[in-house]
Amino acid sequence: MPKEARPGSGEQAKQYALERLRKAILQGEMAPAQRLVENELAESYGVTRASMRAALLDLTSEGLVERIRNRGSRVRVVTVEEAVEITECRMALEGLCAAKAATKATDAQLDELTGLGKAMAKAVADGDPVTYSELNHDLHGLIRDASGQRTAVGLLERLNAQLVRHRFQLALRPGRPQQSLSEHLALIEAIRARDPQAAETAVRAHLSSVIDALRAD
């Protein structure tokens, strides 16, 4: 966005800074524990320090940023044990969404799930873990959308944002995409069969596998 098009102050400026900074953290452009200096970021994004401070406070409440006493803000570091706890919470919520999706998904959504499964299989065959990780993210997002469970979806979005670094690390681990693929294909099959119990079981089996992989780090 050209500098002159940036909103310099007020709520629009805060939202602009919030969205840009959130995206930078989620895409790995800012590393865990990286310091976030208000005046530098404000100048870089073309907003006031007050707008940047408000954006950082919002990101702190989302769990993406942490404030260190007398040292300002930094990208929050999520430990392996925290990642395991977050994944345990995801297990209940993702299981609920998968069960709901099995009964509520439209035929078009089921076709889209099938297409994602095929694309994931191709990414694994091509040895492309980055594309596989992106498709994995899309698959879970589609299942959440199909579930119609807005409360669970909102909670999951906040939880998942904290796991970005661990998700990419797992995707790059040799052999992990192959194992994950079979788990996701089982999940797709259960939803396509409109079997809510099987769908929930498949999600729990997959996330149990994720927890085992996290602890193996």
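All figures in this text were calculated on a predicted structure; none of them were measured in a lab.

A. Structural detail: the state of the cysteines. With the rule as written, the count across this model stands at zero disulfides. Note on Cys97: no disulfide assigned, nearest cysteine sulfur contributed by Cys89 at a separation of 14 Å.

B. Broad picture of the packing of helix H5 (residues 107-125) against helix H9 (residues 176-192). The N-to-C vectors of H5 and H9 enclose an angle of 165 degrees; their axes lie 10 Å apart at closest approach. In this view, H5 runs roughly antiparallel relative to H9, as classed from their interaxial angle. In terms of crossing hand, the pair formed by H5 and H9 is left-handed. Counted together, Leu110, Asp111, Leu113, Thr114, Gly117, Met120, Ala121 and Val124 of H5 and Pro177, Gln178, Leu181, His184, Leu185, Ile188, Ile191 and Arg192 of H9 form the full contact between these two elements.

C. Up close: helix H4 (residues 80-104). With 25 residues, H4 should reach 36 Å at 1.5 Å per residue; the first-to-last C-alpha distance of 34 Å fits that figure. A bend of about 25 degrees at Arg90 is the largest found in H4.

D. Geometry of the pattern of salt bridges. Within this structure, the stated rule accounts for 14 salt bridges. Residue Glu11 is joined to Lys14 by a salt bridge in which the shortest nitrogen-to-oxygen separation is 3.6 Å. Here the residue Glu11 and the residue Lys14 both occupy positions in helix H1 (residues 10-26), the gap between them amounting to three residues, near one helical turn. Lys14 sits in the buried class, given a relative accessible area of 14%. The partner of Arg76 in a salt bridge is Glu82, with the nearest N and O atoms 2.8 Å apart. Three or more residues are tied together by salt bridges with common partners; here these are Glu11, Lys14 and Asp58.

Calculation rules
Residues numbered from 1 in each chain as written. Predicted model: local features only at pLDDT ≥ 70, side-chain atom pairs only at ≥ 80, totals over all residues. Heavy atoms only, no water. Disulfide = S-S within 2.5 Å. Axes fitted to C-alpha atoms, helices over the stretch in contact; angles between N-to-C directions. Helix = DSSP H or I, 4+ residues; strand = E, 2+ residues; numbered from the N terminus. Parallel < 35°, antiparallel > 145°, perpendicular 65-115°, else oblique. Left-handed = near helix turned anticlockwise from the far one by under 90°. Contact = heavy atoms within 4.5 Å. Expected span 1.5 Å × (residues − 1). Bend = angle between axes of the 7 residues up to and from the residue. Salt bridge = Lys/Arg side-chain N within 4 Å of Asp/Glu carboxyl O. Buried < 20%, exposed > 50% of the residue type's maximum accessible area, 1.4 Å probe, protein only.

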